[in-house]
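# Fold and contact review
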Protein chains: 2
Amino acid sequence: MSVKTIKNILKNHKLRITDCRIDVMNQFLNSKSALSQSDLEGEFDQYDRVTLYRTLNSFLESGIIHKIPNNQGTATYGLCHDTCEPHNHHHNHIHFKCNNCGQIECFDDREVPMVSIPTGYQIESVNLIVDGTCANCA
Amino acid sequence: MSVKTIKNILKNHKLRITDCRIDVMNQFLNSKSALSQSDLEGEFDQYDRVTLYRTLNSFLESGIIHKIPNNQGTATYGLCHDTCEPHNHHHNHIHFKCNNCGQIECFDDREVPMVSIPTGYQIESVNLIVDGTCANCA
DNA sequence: TATTAATTGCAATCTTGTTGCATAAAGTAT
DNA sequence: ATACTTTATGCAACAAGATTGCAATTAATA
């Protein structure tokens, strides 16, 4: 993915273009799996961890990435599907976590099945977390 | 739920019977929603937080409770369904998190729908996290 | 009741998440 | 290109959560 393309993505989300954002964006685009802040800290020691923290936050708020629920302590983030624009943000995601290599992948192109919830409950978003063994580790 | 019943649950899971475990177990049984460690710390200041931490761990390992994936920092735990015995442990859970009151409920009695995952991936467990407004807050 | 094995409390550490503030850099208008 | 305004960055500092080691205590068992 070219720097120009990345800059356009940032512009489209009304974010200032900075080195850190370009590098992090590039990392997400080149990564098959979801990333945590500590992943980024390991990759980019030229940036302060607070800067990476705020970079992730700005991406989150502008709808470029989404937070993936997990039962470890650390938050992981995945790129949003193309259709996830700030004003057309869909919140249904399928994620796969490999219990062997630990990687988390997003299957944004797959449909989240219908859910049965007791009456009186209003659904805003649905997250499906599948645990198991990924294709690489199987 | 009587103390005797709780003691039996602990015995069935090969856990020693201690005051802390009885109190925590009772709390789970009486709580409609999932609990976090800090919930327990607020409830039981007579126990050290490390003790509560290890109590939760022992319940986790013996399959009495399960960890609920979420995208906040703090882990929350829910009681496992009756069928969740150590050697017959099913891992499919539906959870509802209310964005208003923050409570997390487990719908263990509801079927987790079929999931479509790319070939080569092996599924171990499926967690469904539904966000929205609960019946109380709606 | 004595013995053994597991649990508890305390201290301490580590990681993650988070904020305030001064400095530096990006966008914008001149 | 230059000055100006706004936003981002780095540093320090702190809060909360998770985690371990160890000595003292308690539960299960003989």
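To be clear, the structure that these remarks concern was listed above.
About the thresholds
- Residues numbered from 1 in each chain as written.
- Chains lettered and ligands numbered in written order.
- Predicted model: local features only at pLDDT ≥ 70, side-chain atom pairs only at ≥ 80, totals over all residues.
- Heavy atoms only, no water.
- Contact = heavy atoms within 4.5 Å.
- Buried area = accessible area lost by both parts, 1.4 Å probe.
- Salt bridge = Lys/Arg side-chain N within 4 Å of Asp/Glu carboxyl O.
- Polar contact = N/O pair within 3.5 Å; in protein donor to acceptor, adjacent residues only side chain to side chain.
- Helix = DSSP H or I, 4+ residues; strand = E, 2+ residues; numbered from the N terminus.
- Nonpolar A, V, L, I, M, F, W, Y, C, P; charged D, E, K, R; others polar.
- Pairing = 2+ DSSP bridges.
- Core = buried A, V, L, I, M, F, W, Y, C linked by side-chain atoms within 4.5 Å.
- Buried < 20%, exposed > 50% of the residue type's maximum accessible area, 1.4 Å probe, protein only.
- Expected span 1.5 Å × (residues − 1).
- Near = heavy atom within 4 Å.

### What to know about the interface of chain B and chain A
Taken together, the contact between chain B and chain A spans 35 residues of the former and 36 residues of the latter. Across the chain B/chain A interface, buried area totals approximately 3,100 Å², and carbon plus sulfur atoms make up 55% of it. It is Asn 71, Arg 110 and Tyr 121 of chain B in chain B that bury the most area against chain A; as a group they hold 18% of the surface buried on that side. Here chain B and chain A share zero salt bridges between them. Linking chain B to chain A there are 13 residue pairs in polar contact (both at pLDDT 80 or more). Secondary-structure elements contributing two or more residues to the side of chain B that touches chain A are strand E4 (93-98) and strand E6 (122-133) of chain B. Looking at the side of chain B that touches chain A element by element, the count peaks at twelve residues for E6 of chain B. Looking at the side of chain B that touches chain A residue by residue, the class counts come to 18 nonpolar, eleven polar and six charged. Pairing of strand E6 (residues 122-133) of chain A with E6 of chain B involves eleven bridges; the strand directions are antiparallel. Each residue of the ladder has a partner; that of Gln 122 of chain A, found in E6 of chain B, is Thr 133 of chain B.

### Re the nonpolar core
Among the nonpolar cores identified, the biggest contains 24 residues, and Phe 96, Ile 117 and Leu 128 of chain A together with Phe 96, Ile 117 and Leu 128 of chain B are the most heavily contacted of them. Counting residues per element, the ones that place at least two in this core are strand E4 (93-98) and E6 of chain A together with E4 and E6 of chain B.

### Looking at helix H2 (residues 19-30) of chain B
Across its twelve residues, H2 of chain B extends 16 Å between first and last C-alpha, which sits within 8% of the 16 Å expected from 1.5 Å per residue. The set of residues buried in H2 of chain B consists of Cys 20, Arg 21, Ile 22, Val 24, Met 25 and Phe 28 of chain B.

### Thoughts on the side chain of Gln 37 of chain A
All names here are of chain A. Following the sequence through the fold, Gln 37 ends up in helix H3 (residues 37-43). A relative accessible area of 18% means that Gln 37 is categorised as buried. Sequence-distant contacts of Gln 37, that is, excluding residues within four places in its chain, are made with Arg 49, Tyr 53, Leu 56 and Ala 75.

### Looking at the protein's contact with DNA strand D
As a matter of local geometry, DNA strand D sits amid 20 residues, with Arg 21, Thr 51 and Arg 54 of chain A together with Ile 17 and Tyr 53 of chain B nearest to it. Sugar plus phosphate, as a fraction of atoms of DNA strand D within 4 Å of the protein: 62%. Taking Arg 16 of chain A, its side chain carries an N or O atom lying 2.9 Å from a base oxygen of DNA strand D. Here Thr 18 of chain A contributes a side-chain N or O atom positioned 2.9 Å from a phosphate oxygen of DNA strand D. Elements supplying a minimum of two residues to the surface near DNA strand D: helix H2 (19-30) and helix H4 (49-61) of chain A together with helix H4 (49-61) of chain B. Along the lines of polarity and charge, the residues of the surface near DNA strand D split into seven nonpolar, five polar and eight charged.

Take it as geometry only, folks, not as evidence of what the structure does.
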